[in-house]
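Chain residues, written in single-letter form:
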Protein chains: 2
Amino acid sequence: MLLAMLAVALPVSISAAPAPHDLLPAPAQLAFAEGRLPVTAEFSVSLRGHDDARLRAGLSRALRRWEERTGFTFARTPQAEFVLASDTSRAALVVECSAAGSALPTLGEDESYSLEVSPAQAVLRAPNVVGALRGFETLLQLLQRDARGWFVPVVKIQDAPRFPWRGLMIDVCRHWQPMEVLKRNLDGMALVKLNVLHLHLTEDQGFRIESKTHPRLHELGSDGLYFTQDQIREIIAYAAARGIRVVPEFDMPGHATSWAVAYPELASAPGPYVIERGWGIFDPVLDPTNEKVYALLEDFLGEMAALFPDPYLHIGGDENNGKHWNANARIQAFIREHDLKDNEGLHATFNRRVRDILTKHGKKMVGWDEILHPDLPQDAIVHSWRGPTGLAAAAKAGHAAILSNGYYIDLCYSAADHYRNDPLPADTAIPLAEQSRILGGEATMWAEWVSPETIDSRIWPRTAAIAERLWSPRDVNDVADMYRRLAIVSQRLEETGLNHERNRPAMLRRLAGDGASAEDLENLRIFVEAVEPVKGYERGRYHAEHRQATPLTRVADCARPESNTAREFTVAVDRLLGGARRPDGHSAAALQELREQLLAWQAAGLEVADLLTQRALLGRDSAPVAKSLAEASAVGLAALEAIARGDARDPAWRTEQFTVLERAAEPHDAVQLPALGAIRRLVTAAAP
Amino acid sequence: MLLAMLAVALPVSISAAPAPHDLLPAPAQLAFAEGRLPVTAEFSVSLRGHDDARLRAGLSRALRRWEERTGFTFARTPQAEFVLASDTSRAALVVECSAAGSALPTLGEDESYSLEVSPAQAVLRAPNVVGALRGFETLLQLLQRDARGWFVPVVKIQDAPRFPWRGLMIDVCRHWQPMEVLKRNLDGMALVKLNVLHLHLTEDQGFRIESKTHPRLHELGSDGLYFTQDQIREIIAYAAARGIRVVPEFDMPGHATSWAVAYPELASAPGPYVIERGWGIFDPVLDPTNEKVYALLEDFLGEMAALFPDPYLHIGGDENNGKHWNANARIQAFIREHDLKDNEGLHATFNRRVRDILTKHGKKMVGWDEILHPDLPQDAIVHSWRGPTGLAAAAKAGHAAILSNGYYIDLCYSAADHYRNDPLPADTAIPLAEQSRILGGEATMWAEWVSPETIDSRIWPRTAAIAERLWSPRDVNDVADMYRRLAIVSQRLEETGLNHERNRPAMLRRLAGDGASAEDLENLRIFVEAVEPVKGYERGRYHAEHRQATPLTRVADCARPESNTAREFTVAVDRLLGGARRPDGHSAAALQELREQLLAWQAAGLEVADLLTQRALLGRDSAPVAKSLAEASAVGLAALEAIARGDARDPAWRTEQFTVLERAAEPHDAVQLPALGAIRRLVTAAAP
């Protein structure tokens, strides 16, 4: 376990020189010059060239966000629209848009723009409205302030994305996520220039979309928690206004319990079926040998093809465990009779039938890794979740492909891990000729462990690091600088209405319970900010009893997926230990900084262990971790003491400290301590 | 100004003995006994007697809230409904409801319930579903925990409201408030047993309801920000499920700019009209001499009468300044020709016509004070906003009446002020025979200075104090105990989804701006928690340039209407100065507590003055208040020093300190320091 922990707490690389800008994602080209364009209450905008409602709405949203940051009220007409300056030469911002572009955002659409800011004027140029929307986001991020006031620095930017498919998938099935979750996350996506919202709409745990042709699907499969078709249209319009495509996923033939609840006769085992309330891979699967399955899909996919305008439609296709196919003699006979070799052959046959239905309705198919098969139609897109090998194999087989392996934000890995995960790294195995088939990637927000209250904190800010990986040039890869800019963009994301920081104090108050003092809450904050949820699929081991209805209100839900405090502590330890030692020993300031952090952890850990045990019952199972934090901090303090004195401790002492740290590394209640690796390195330095 | 400040900072009365329960509103009768009913994951419920969907939905919401507090997952059916115990004798909770009651909540409906908790079982008895819903809220508030686990104490409660009309009015016009604001506030209302949501739907600044008969009204009068009729039906159903009536208000004949934008020919001056973007009392008014006005009202009120099922409909009727009537020769001629005496006579004529339309559509009329006139039909309800005299006059004239004077939560007065404002105080001027005409009251959330981001913090938790005033017996009036329970219920309110605490840290981060350190934010928090917005209608003086579009993101918007810190400081000062002095002087602990608060204010004030001036530009205009906080705290510290030494300062010193405090009392940027009164009393004590 300790080794696993250490892997999580790998030191981040430290940037030599500070990066010159706060933008995230970083633009392709940027050059600052001296000077500033002041932003005042008289800030004025002029439109040159193409002008339409989508552009004006985007501009209005942008100006409103600047009003909210600055407190200014820009001029408006009696109809509450922003006043546009008629004299272009005097406008503070000129937007020069060449054409509308396609009415709905499309894959591969030109998203480029340029931005030229002089002390007199900012000029944003774009070939179409979507490019202008991207430029607005950059301009918004450029706003700064000092004692002289608000301003945008003088700069020239040329920008365009590296990959055309930059997505966020949201699973609205395992835990229902209502409209407002999608809307505020679309605002966040737009802010970091993501352009695909992939909606995972059907699952074992819920059928979350209204079907007018087969209403039993959502009526019996959703507990009443589903999107109406009107709501879907609203989401599509909301996304399109922000230059974001909406790609729906209907997972088949596996992950199909909710289909089978409505139509048990279409499944591969006799049933009866009930909606799945737990987490895992389940057996229910559609029966590809049953013509009625295709008849239903013909109706349903036709209906969905009409509802979702995007040319791409995701059919899932993952994690069919084959058990119900194996157990069904008729299905096995079908495989033999049709020379399909095995279940995979049957799956490929199913996919071809589905592809034919989609083709008829003008849609192209997307599916997870498992759909890759020699028989997979060439125009299907493979969505790789299992690893780089799958991505390369798909490209080699002539398919376009998108990457999600390494972007599983539900697994609580660090932003740095995701950031380093390049779909086409410099040493990629994918030949140059096939590289254009790699369309981009998607962060995937699977929803076993998120509620509407916590989902933003699982998506943001880490997804901004993925957004930069997919938008910015490959050589924008300084992890320390990414973290610096991530803290800034996180603030912008919250200002658009996301709740990733806002909800935590309220959750801690609930955890602490009535009668908690300000001191209790402060200790709890320090503790929760020092821990992380366990990684990967480990949480299921600790909270095996959790079901869909179990409240997500524990310490693991309050904790950030990545602890800022622990990360900064680790960086500081590595700087201390890696730096050239001055003749008079380590910097007293550096030692003091670490000492203070350890003292704070130690004190909070002791108090919180008691609080959680005696009063904050929601967190009782986490109490041992608080105790561990105190004990590990004591080890760190002893090690620091020895380092400061320059007086090496003996191996026996070291072994003793390692034993304490090893015990402290044991997760409880699905939370763990990410700073233990750094403390261990302090011990090693103290007793080399 | 200093005098005004002192009035705000009046010392609260201090309760002699701690109250025995945490419930708010307090029940009519309550008796605790020894023992506890444990609440575990196996908690079970049984329904006895009447059983319907509304009752079950209420029970489900209640159980879900307990799940969220405790982390338990109670048993559910495959259809995700809570499992009900078939064996009543073994259920932890038995709900015994006698009848459905009316399908929609009605004025005067029996809301009583009783609750009997033994160590083995809780029994909730109610004559109807609404009574059971009220009982659920009490039961939820009884949940406690200690090291042994979660429990409900053994108790007997008999409860029923004192007044049948207990409302919250929300103005959705001056600043638009979308669906989610209404929904989360309905949840909050239900929690404190309020039973009327009064929607103020039309105003000079917006016409916020869809009219199908006259769509120009919302199309031209709302900037597209209005409730569709479907949304209104959704709100009515949401409210009804919680036992809450929805009473709509269409303000007429004044406050009518948005009507006049759509139909200038119905107004009393020629126009043209544009939606009003500022705050104040404006001239536009419907023309009561124009038969077309009644034709439109016939259609529109008929439509609204069908949409809103409640028998009461509010027609506003307030603040017609008469200017346009005076300026219109035809209208003045009409008054003379019809012997109406004056504008008031014309207003009464208008009201009678409107009343006739409402009667035809089966509705009873409610209107603000100004509708009271000898000609006002007897069955109209007077809604008193101007003062107790109006309430008494209405009752004397035979009208039923509701009180809002003293419940204007937009004016940022203290919870104690509202709490002390009894519609029928012991010394009421209203004769006993007329007292039953006083139906209750409404907190009024006028929306000049609230956005969806801040509105919860203006409504809650103070409105809970009003809710208790209207529900609980008159002799439940211990202010200190109210504040103790208010802190607890505030936490419950936030847990239902209200944002009154949650949004503040995010607002402070926006105020502080990028690059603010944790220390900056902590100083800013201390400062903002020490200030209050100016009271009454003063804000308009400081922010005269504010329009509808001006962001509400300033220090005044971040600050609580009532500072907890300042209130607690004031209580502590009064305890120190009022208490019997021990032979060895004042308690060292009491002195030390005050000293620490003043030192924290002093340090934060100095830092924040600099932060606001140099970096946090959104708050720059508040910087002098931060400086004043530091200076006033220094005065307080000097006074404490003298008090501690027991060595009286001279009158010249006192004058000097008073001068500093007087300067510090000057509000800036619409914020002021509520603790100055207490500091002044310290100075007086130091130099008597």
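Residues numbered from 1 in each chain as written. Chains lettered and ligands numbered in written order. Predicted model: local features only at pLDDT ≥ 70, side-chain atom pairs only at ≥ 80, totals over all residues. Heavy atoms only, no water.

Caption draft 1: Looking closely at the overall build of chain A. On a plain count of helices and strands, chain A comes out with 26 helices and 19 strands. Overall, the C-alpha framework of chain A stretches about 80 × 70 × 55 Å when taken along its three principal axes. Considering chain A as a whole, with its 688 residues, one finds that 61% of them fall into the buried category. Carbon and sulfur atoms make up 54% of the accessible area of chain A, which amounts to about 24800 Å² in all. Positive and negative side-chain charges of chain A, numbering 75 and 91 respectively, have mean locations separated by a distance of 3 Å. (Helix = DSSP H or I, 4+ residues; strand = E, 2+ residues; numbered from the N terminus. Buried < 20%, exposed > 50% of the residue type's maximum accessible area, 1.4 Å probe, protein only. Areas by Shrake-Rupley, 256 points an atom, 1.4 Å probe, with all protein chains shown as cover. Lys, Arg positive; Asp, Glu negative; His and termini not counted. Charge placed at Lys NZ, Arg CZ, Asp CG, Glu CD.)

Caption draft 2: Inspection of the packing of aromatic side chains at higher detail. Residue and element names in this part refer to chain A. On inspection of all chains with the given rule, the structure shows 30 aromatic pairs over all chains. Geometrically, the ring pair formed by Phe250 and Phe308 is edge-to-face, given 6.2 Å between the ring centres and 65 degrees between the ring planes. Of this pair, Phe250 sits in the loop between strand 12 (245–249) and helix 7 (257–262) while Phe308 sits in the loop between helix 8 (291–307) and strand 13 (312–314), and the two are 58 residues apart along the sequence. Given the relative accessible area of 1%, Phe308 is considered buried. (Phe/Tyr/Trp six-rings, centres within 6.5 Å; stacked < 30°, edge-to-face > 60°.)

Caption draft 3: Here's a closer look at the domain arrangement of chain A. Partitioning chain A into domains gives domain 1 (29–159), domain 2 (165–290 + 305–495) and domain 3 (502–686). A C-alpha centroid distance of 44 Å is found between domain 1 of chain A and domain 3 of chain A. (Domains from an automatic or database assignment.)

Caption draft 4: Quick look at the relation of the copies chain A and chain B. With an RMSD of 0.0 Å, chain A superimposes on chain B once it is rotated by 180 degrees and translated 0.0 Å along the axis. On the angle and the small slide along the axis, the relation comes out as a two-fold axis. Ranked by how close their C-alpha atoms come to the rotation axis, the residues of chain A are headed by Arg502 of chain A, at 3.0 Å. Of the interface residues in chain A, 100% have counterparts in chain B that sit at the interface too, so the contact is made through matching surfaces. (Least-squares fit on C-alpha atoms with pLDDT ≥ 70 in both. Contact = heavy atoms within 4.5 Å.)

Caption draft 5: Molecular detail of the UniProt feature "active site" (unreviewed entry) in chain A. All names here are of chain A. Sequence positions flagged by UniProt for "active site" (unreviewed entry) are, in local numbering, Glu319. Assessed through its relative accessible area of 22%, Glu319 is described here as partly exposed. Residues in contact with Glu319, not counting those within four places in the same chain, are His255, Ile281, Glu370 and Trp385. (UniProt positions renumbered as here; feature names shortened; annotations may be inferred.)

Caption draft 6: Broad picture of the interface of chain A and chain B. Contacts between the two partners involve 45 residues from chain A, matched on the other side by 46 residues from chain B. Interface of chain A and chain B: buried area, both sides summed, is about 3700 Å²; carbon and sulfur atoms make up 48% of it. Broken down residue by residue, the surface that chain A buries against chain B is led by Arg145, Arg502 and Asp514 of chain A, which jointly contribute 18%. In this assembly, chain A and chain B are joined by 26 residue pairs in polar contact (both at pLDDT 80 or more). (Buried area = accessible area lost by both parts, 1.4 Å probe. Polar contact = N/O pair within 3.5 Å; in protein donor to acceptor, adjacent residues only side chain to side chain.)

Caption draft 7: Fine view of the pattern of salt bridges. Taken as a whole, this structure holds 119 salt bridges over all chains when the rule is applied. As a salt-bridge pair, Glu538 of chain A and Arg541 of chain A come within 2.6 Å of each other at their nearest N and O atoms. Its salt-bridge partner being Arg233 of chain B, residue Asp230 of chain B comes within 3.0 Å of it at the nearest N-O pair. Here Arg233 of chain B and Asp230 of chain B lie together in helix 6 (residues 229–241), a separation of three residues that amounts to about one turn. On the accessibility criterion, Asp230 of chain B (55% relative accessible area) is exposed. Within the structure, one salt-bridge network assembled from shared partners comprises Glu501, Arg504, Glu522, Arg525, Glu529 and Arg560 of chain A. (Salt bridge = Lys/Arg side-chain N within 4 Å of Asp/Glu carboxyl O.)

Caption draft 8: Up close: unusual backbone geometry. All names here are of chain A. In this model, Met252 is joined to Pro253 through a cis peptide bond whose omega is 0 degrees. Mapped onto the elements of the fold, Pro253 is located in the loop between strand 12 and helix 7. In the Ramachandran plot, Lys193 falls in the positive-phi region, its phi being about 65 degrees despite a non-glycine side chain. With respect to the helices, strands and loops of the structure, Lys193 is situated in the loop between helix 4 (179–191) and strand 9 (196–200).

Caption draft 9: Geometry of the nonpolar core. All names here are of chain B. Core analysis: the largest hydrophobic core is formed by 92 residues, its most contacted members being Phe250 and Trp259. When residues in this core are grouped by element, the largest group, eight residues, is from helix 8 (residues 291–307). For Trp259, the contacting residues outside a window of four places in its chain are Thr202, Phe207, Leu217, Phe250, Asp251, Met252, Leu286, Leu296, Leu297 and Phe300. (Core = buried A, V, L, I, M, F, W, Y, C linked by side-chain atoms within 4.5 Å.)

Caption draft 10: Quick peek at the side chain of Lys363 of chain A. All names here are of chain A. Position of Lys363 relative to the elements: it lies in the loop between helix 11 (343–360) and strand 14 (364–368). Among buried charged residues, Lys363 stands out as having no salt bridge; its nearest opposite-charge side chain is Asp310, 6.7 Å away. A distance of 2.7 Å separates the side chain of Lys363 from the backbone oxygen of Asp310, its partner in a polar contact.

Caption draft 11: Just helix 22 (residues 564–578) of chain B, in detail. All names here are of chain B. Spanning 15 residues, helix 22 covers 21 Å between terminal C-alpha atoms, matching the ideal 21 Å at 1.5 Å per step. For helix 22, the full list of buried residues reads Thr565, Ala566, Arg567, Phe569, Thr570, Val571, Ala572, Val573, Asp574 and Leu576. Buried residues along helix 22 sit against helix 17 (479–495), helix 19 (518–530), helix 23 (588–614), helix 24 (623–645) and helix 26 (676–686). Where helix 22 starts, the residue carrying a side-chain oxygen 3.4 Å from the main-chain nitrogen of Thr565 turns out to be Ser563. (Expected span 1.5 Å × (residues − 1).)

Caption draft 12: Structural view of the side chain of His383 of chain A. Residues and elements named next belong to chain A. Of note, His383 is situated in strand 15 (residues 381–384). Residue classification places His383 among the buried positions, given a relative accessible area of 0%. Within polar-contact distance, the side chain of His383 engages the side chain of Ser404 at 2.7 Å. Setting aside anything within four residues of it in sequence, one finds His383 in contact with His198, His314, Val366, Gly367, Trp368, Asp369, Ile402, Ser404 and Glu442.

Caption draft 13: Representation of the packing of helix 18 (residues 503–512) of chain A against helix 17 of chain B in the model. The N-to-C vectors of helix 18 of chain A and helix 17 of chain B enclose an angle of 125 degrees; their axes lie 10 Å apart at closest approach. The orientation of helix 18 of chain A relative to helix 17 of chain B falls into the category oblique. Of the two elements, helix 18 of chain A crosses helix 17 of chain B, and the hand of that crossing is left-handed. Facing helix 18 of chain A, whose interface residues are Ala506, Arg509 and Arg510 of chain A, helix 17 of chain B presents Gln491, Glu494 and Glu495 of chain B. (Axes fitted to C-alpha atoms, helices over the stretch in contact; angles between N-to-C directions. Parallel < 35°, antiparallel > 145°, perpendicular 65-115°, else oblique. Left-handed = near helix turned anticlockwise from the far one by under 90°.)

Caption draft 14: Here's a closer look at helix 2 (residues 53–70) of chain B. Residue and element names in this part refer to chain B. With 18 residues, helix 2 should cover 26 Å at 1.5 Å per step; its first-to-last C-alpha distance of 25 Å lies within 8% of that length. Buried residues belonging to helix 2 abut strand 2 (45–49), strand 3 (93–97), helix 3 (129–142), strand 7 (149–159), helix 6 and helix 17. The N-cap residue of helix 2 is Asp52: its side-chain oxygen and the backbone nitrogen of Arg54 are 3.2 Å apart. Positive phi shows up at Gly71, right after helix 2, with a value of about 85 degrees.

Caption draft 15: Up close: the environment of Glu568 of chain A. Residue and element names in this part refer to chain A. In this fold, Glu568 is placed in helix 22 (residues 564–578). Taking relative accessible area as the criterion, Glu568 reaches 49% and is therefore assigned partly exposed. Sequence separation between Glu568 and Ala100 is 468 residues; the distance between their C-alpha atoms is 46 Å.

Caption draft 16: Up close: the packing of helix 6 of chain B against helix 8 of chain B. All names here are of chain B. The interhelical angle for the contact between helix 6 and helix 8, taken along N-to-C directions, is 40 degrees, at an axis separation of 11 Å. The angle between helix 6 and helix 8 places the two elements in the oblique class. Residues Gln229, Ile232, Arg233 and Ile236 of helix 6 lie in contact with helix 8, whose contacting residues are Glu303, Met304 and Leu307.

Caption draft 17: View of the pairing of strand 7 (residues 149–159) of chain A. Residue and element names in this part refer to chain A. With nine of 11 residues buried, strand 7 lies mostly within the body of the structure. Of the strand pairs in this sheet, strand 1 (residues 29–38) and strand 7 are connected by seven bridges, and their pairing is antiparallel. Bridge assignment links Leu30 to a residue of strand 7, and that residue is Ile157. Across five bridges, the pairing between strand 4 (residues 113–117) and strand 7 is antiparallel. Following the sheet pairing, Leu115 is matched in strand 7 by Ile157. Bridging between strand 6 (residues 144–146) and strand 7 involves three bridges; their strand directions are antiparallel. Its bridge partner being in strand 7, Arg145 is matched across the sheet by Trp150. Turn length for the strand 6-strand 7 hairpin, with the two strands adjacent in sequence and antiparallel, is two residues. (Pairing = 2+ DSSP bridges.)

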